[in-house]
Amino acid sequence: MQPSRFIVIGWLVFGLTLALFLMPGAAVAKQWDSEEHNVLVVIPDGSSPWEWLPFEPDWAKIGIIKGAKREPDRLKNKKDPDGEGALMHLAVRDAPKDSSLQGLASDSEVRDFLLKRFRGTESDVETEETTIEADGESSHPALVLRAKGKSLNLMRKDADSEGILVATVARGKLIMMRLYAWPTEYDADGLSSDINFLEGNCLSLITAKEGKDAKKADEGPPPEQKGEGEKKGDEETEDEGKEEVIEHRAQTWRLTKHKRVLMQEISDEEKTDFLVFKAADSDRMGAYAFYIYAPPNSQYIDGVKAPAPDLLKWIGPDWWNHFNNTHPKGELATWEWPRKPVRKGAKTFLTLPLMEDEDNRDVVFKADDKRPIEADASDLIKKYKFVEKVKQNHLGSSGKASEAVRGCMEGRRPTDGFSGPETVFRFAFRHKDHSYRVFVTFSGMAYKKWGEAIRDTLESWEFGIKFRD
């Protein structure tokens, strides 16, 4: 097996894993969440952006907590808009006595939240049962109402419009999202398409679990239980697994897998490519993948000793060629590495940037900048700073790496359906007899959900362990 084959196979496996997670949706997005109201809302950004609306005092009377709109600057027919656009309002109220889906469908206050704007001009109202995401799963029952008629558009002019209402009940609260579109002819500007997309992709619940204090749901979420994530009877909590110590005694290392990192089975073929750790997970908001390869420094091919894997080439020119080709348009960015690990007592360069702080993000190529077709390792380190040679090369208290490098590239795939960019981290180093190559990729908004868990797992990785039998 040629050393270069590890690179090819590693990327093929990595790419296929991510491909399983990709799904159609908005290209980019803005997110708003509220622990108080137990909701997470996502609206499109990019070439046809939506904008959050400032809070209006009148909203409080009917329980509206958040609003957004899309108001085109220029229509596709080259005309100035005359009120064409789209609108979203999210309301949270106390749940009605009959909170079944059938009860919501016939509840006059629920129907009025959508239909009052039509002022009696609506045609037949369509009703449908569906599900929305809660606790990371698309399984919580909800009701959808759809109507068409005349209503006042964004310029307060009477115009043809479409309306959609998504309603559900969780933790003693009625949660309703209404969407309106005032489209152009044949919906050339995609306004009706937008609200139909948002119907299934805009609103999710942080949790629908009632817990012991369900009767007090109107006072907020129940108090956090001690030992969160531990077993309840014979089962784990639905959204978290178990913390697990993983040991590789032959290579003298161990790491502690965070309970939110989902391990995947390594196939026999992957084992022949020296894959020693594999984790991945996804939901409709994003996906991550976390792989560790450990090929030996010394390999014999047809009886001839092959050179050790070229780590700087793998994290330099090879990576640039791949990433530049798979992210051909838009800006390319990187993230600044933290000065020290987050995990208490950790002594390592294996960590992740603090991506919750946008100040740590550096744009290297703007959307219209001309990029080099090829880039050598020196340029990627010194000029573009996508890659850095590590000075503090500790791998825990007892281990040290040689030839340690790490890098970060962020861009957008043209076919990536997640609402957000793809951020890829690579780490490469040698320790004794093996050359380690580590992939961590976040697509969409995956970092927000899994970033802390993956960072904690990386920072727990220690080498030079003397195991006792």
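Summarised in this report is the structure supplied together with it. Here the structure is a predicted model, which is why all the values come from computation and not from measurement.

### Observations regarding the packing of aromatic side chains
- Under the counting rule described, the total for this entry stands at 27 aromatic pairs.
- Ring geometry for phenylalanine 118 versus tyrosine 180: centroids 6.1 Å apart, planes at 65°, classification edge-to-face. Residue phenylalanine 118 is found in the loop between α3 (108-115) and β6 (126-134), and its partner tyrosine 180 is found in strand β9 (residues 173-182); the two are separated by 62 residues along the sequence. We note that phenylalanine 118, like tyrosine 180, is buried.

### Some details on the pairing of strand β21 (residues 422-431)
- Within β21, 10 of the 10 residues are buried, which leaves the element mostly enclosed by the surrounding structure.
- Side-chain alternation along β21 places Glu422, Val424, Arg426, Ala428 and Arg430 on one buried face and Thr423, Phe425, Phe427, Phe429 and His431 on a second face that is also buried.
- Strand direction decides the pairing type here: strand β20 (residues 402-411) and β21, joined by 8 bridges, are antiparallel. When the bridges of β21 are listed, valine 405 appears paired with alanine 428.

### Some words on the side chain of histidine 140
- Among the secondary structure elements, histidine 140 is positioned in strand β7 (residues 137-152).
- The buried category is assigned to histidine 140, whose relative accessible area is 13%.
- Polar contacts involving the side chain of histidine 140 include one to the main-chain carbonyl oxygen of valine 169, which spans 2.9 Å.
- Aside from chain neighbours lying at most four places away, what touches histidine 140 is Thr130, Thr131, Ile132, Ala134, Thr168, Val169, Ala170, Leu205 and Ala208.

### Topic: helix α9 (residues 446-459)
- With 14 residues, α9 extends 19 Å from end C-alpha to end C-alpha; this agrees with the ideal 20 Å at 1.5 Å per step.
- Most of α9 sits inside the fold, with 10 of its 14 residues counted as buried.
- Buried within α9 we find Ala446, Tyr447, Trp450, Gly451, Ala453, Ile454, Arg455, Thr457, Leu458 and Glu459.
- Taken together, the buried residues of α9 touch β12 (253-257), β13 (275-283), β14 (286-293), β21 and β22 (434-444).

### Section: the side chain of aspartate 194
- Checked against the element boundaries, aspartate 194 lands in helix α4 (residues 191-201).
- Among the residues examined, aspartate 194 registers a relative accessible area of 14% and is labelled buried.
- At 3.3 Å, the side chain of aspartate 194 and the side chain of arginine 70 are in polar contact.

### Side note on the environment of threonine 252
- With respect to the helices and strands, the residue threonine 252 is situated in the loop between β11 (244-248) and β12.
- In this view, threonine 252 contacts His431, Glu462, Phe463, Gly464, Ile465 and Phe467; residues no more than four positions away in its chain are not counted.

### Overview of the sheet that holds β11
- Pairing within the open sheet is antiparallel, and its 3 strands lie in the order β11-β12-β23. With partners counted over all chains shown, the strands left at the sheet margins are β11 and β23 (462-463), one partner each.
- Bridging between β11 and β12 involves 5 bridges; their strand directions are antiparallel. Residue valine 245 lies in a different strand from β12, and its bridge partner there is threonine 256.

### Examining the pattern of salt bridges
- The tally for this structure, following the rule as stated, stands at 22 salt bridges.
- Where aspartate 80 meets arginine 74, a salt bridge forms, and the shortest distance between an N and an O atom there is 2.7 Å.
- Overall, the relative accessible area of 48% leaves arginine 74 in the partly exposed class.
- Glutamate 199 is the partner of arginine 146 in a salt bridge, and the nearest nitrogen-oxygen pair spans 2.7 Å. In this pair, arginine 146 sits in strand β7 while glutamate 199 sits in helix α4, placing the two residues 53 residues apart along the sequence. Of the two residues examined, arginine 146 and glutamate 199, each falls in the buried class.
- Each of the salt bridges in this network shares a partner with another, and the network as a whole consists of Glu128, Arg146 and Glu199.

Conventions we followed
Residues numbered from 1 in each chain as written. Predicted model: local features only at pLDDT ≥ 70, side-chain atom pairs only at ≥ 80, totals over all residues. Heavy atoms only, no water. Phe/Tyr/Trp six-rings, centres within 6.5 Å; stacked < 30°, edge-to-face > 60°. Helix = DSSP H or I, 4+ residues; strand = E, 2+ residues; numbered from the N terminus. Buried < 20%, exposed > 50% of the residue type's maximum accessible area, 1.4 Å probe, protein only. Pairing = 2+ DSSP bridges. Polar contact = N/O pair within 3.5 Å; in protein donor to acceptor, adjacent residues only side chain to side chain. Contact = heavy atoms within 4.5 Å. Expected span 1.5 Å × (residues − 1). Salt bridge = Lys/Arg side-chain N within 4 Å of Asp/Glu carboxyl O.

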